[in-house]
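Below are the chains, spelled out letter by letter.
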Amino acid sequence: MLRLRNRDQFQAGMGGETVARTPHFALHRRALPLPPVPAAEGEDAPIPLFRPTGVWLGAMVPKRWARRAVTRNAIRRQIYTVGLCLEGQSPAAYVVRLRTAFDRRQFVSATSDALRRAVRAELEQLFARARRTAA
């Protein structure tokens, strides 16, 4: 599994279709290889965003929906761990996006076990829906 690293890769992944949604997450998918971008006259050939083989995964956890860095990082770790189930899929770029905040009254601690379980369960549901859609 390869990780999306730069803004252009994330934008390309988000430009694809939304294949699954849960109350807090959305999964975007863009099939690879992307069509080549023609080079302007007098320029060298552009560097491709992705290697055409493999599955790419990125996690978007905006500060707007998870204020504390420790919470954002915990959610990102969960996304990359659960996202390993995408191995063996056809080459594509996937972006998991946090769409809404988890209720702070229900999950008081930034890294509580309850929050981890809730995030894990929802991510497993998200990726299961995506696998059903792909089949």
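Preceding this paragraph is the structure being described.
On a predicted model such as this, the values are computed, not experimentally measured, just so you know. (Residues numbered from 1 in each chain as written. Predicted model: local features only at pLDDT ≥ 70, side-chain atom pairs only at ≥ 80, totals over all residues. Heavy atoms only, no water.)

A. Structural view of the sheet that holds strand 5 (residues 92-98). Strands sit in the order 1-4-5-3-2 across an open sheet of 5 strands; the sheet is mixed. Both edges of this open sheet fall to strand 1 (2-3) and strand 2 (17-21), since each of them pairs with a single strand only. Sitting on the sheet, helix 2 (residues 69-82) touches strand 1, strand 3 (25-31), strand 4 (55-60) and strand 5, and the angle it makes with strand 4 is about 160°. (Pairing = 2+ DSSP bridges. Helix = DSSP H or I, 4+ residues; strand = E, 2+ residues; numbered from the N terminus. Contact = heavy atoms within 4.5 Å. Axes fitted to C-alpha atoms, helices over the stretch in contact; angles between N-to-C directions.)

B. Helix 1 (residues 7-14), seen in detail. For helix 1, the complete set of buried residues consists of Gln-9, Phe-10, Ala-12 and Gly-13. Down the axis of helix 1, the smallest arc covering the buried residues is 160°, so these residues share one side. Sitting at the amino-terminal end of helix 1 is Asn-6, which places a side-chain oxygen 3.2 Å from the backbone nitrogen of Asp-8. (Buried < 20%, exposed > 50% of the residue type's maximum accessible area, 1.4 Å probe, protein only. Arc of directions from axis to C-beta. Polar contact = N/O pair within 3.5 Å; in protein donor to acceptor, adjacent residues only side chain to side chain.)

C. Representation of the side chain of Arg-29 in the model. Within the fold, Arg-29 resides in strand 3. There is a polar contact of 2.9 Å between the side chain of Arg-29 and the side chain of Ser-90. Discounting chain neighbours no more than four positions away, the residues touching Arg-29 are Gly-13, Gly-16, Glu-17, Val-19, Ser-90, Pro-91, Ala-92, Ala-93 and Tyr-94.

D. Looking closely at the side chain of Arg-72. Structurally, Arg-72 is set in helix 2. We note that Arg-72 is buried and unpaired, the nearest opposite charge coming from Asp-103 at a distance of 17 Å. For Arg-72, the side chain forms a polar contact with the main-chain oxygen of Ala-66, separated by 3.0 Å. (Lys, Arg positive; Asp, Glu negative; His and termini not counted. Salt bridge = Lys/Arg side-chain N within 4 Å of Asp/Glu carboxyl O.)

E. Quick look at the pairing of strand 3. Along strand 3, 5 of the 7 residues are buried, which leaves the element largely enclosed by surrounding structure. Relative to strand 5, strand 3 runs antiparallel, the two sharing 7 bridges. Within strand 5, the residue paired with Leu-27 across the bridge is Val-96.

F. Layout of the pattern of salt bridges. Going through the model one piece at a time under the given rule, you end up with 2 salt bridges. Taking the shortest distance from any N to any O, the salt bridge between Asp-103 and Arg-105 comes out at 3.5 Å. Look at Arg-105 and you get exposed, because its relative accessible area is 74%. Among the ionic pairs, Arg-116 bridges to Asp-113, the shortest N-O distance being 3.5 Å.

G. View of the environment of Ala-26. Topologically, Ala-26 is positioned in strand 3. You can call Ala-26 buried: its relative accessible area is 0%. Those residues in contact with Ala-26 that lie beyond four places of it in its chain are Thr-18, Ala-20, Arg-21, Val-95, Val-96, Arg-97, Arg-99 and Leu-126.

H. Highlighting the nonpolar core. Among the nonpolar cores identified, the biggest contains 26 residues, and Phe-25, Leu-27, Ile-75, Ile-79, Val-96, Phe-102 and Leu-123 are the most heavily contacted of them. Among the elements that take part in this core, helix 3 (residues 113-134) stands out by supplying 6 residues, more than any other. Contacts of Leu-123, omitting those with residues within four sequence positions, involve Phe-25, Gln-78, Ile-79, Val-82 and Val-96. If you look at the next biggest cluster of nonpolar residues, it comprises 8 residues, including Leu-4, Leu-32, Trp-56 and Ala-93. (Core = buried A, V, L, I, M, F, W, Y, C linked by side-chain atoms within 4.5 Å.)

By themselves these figures say nothing about function.
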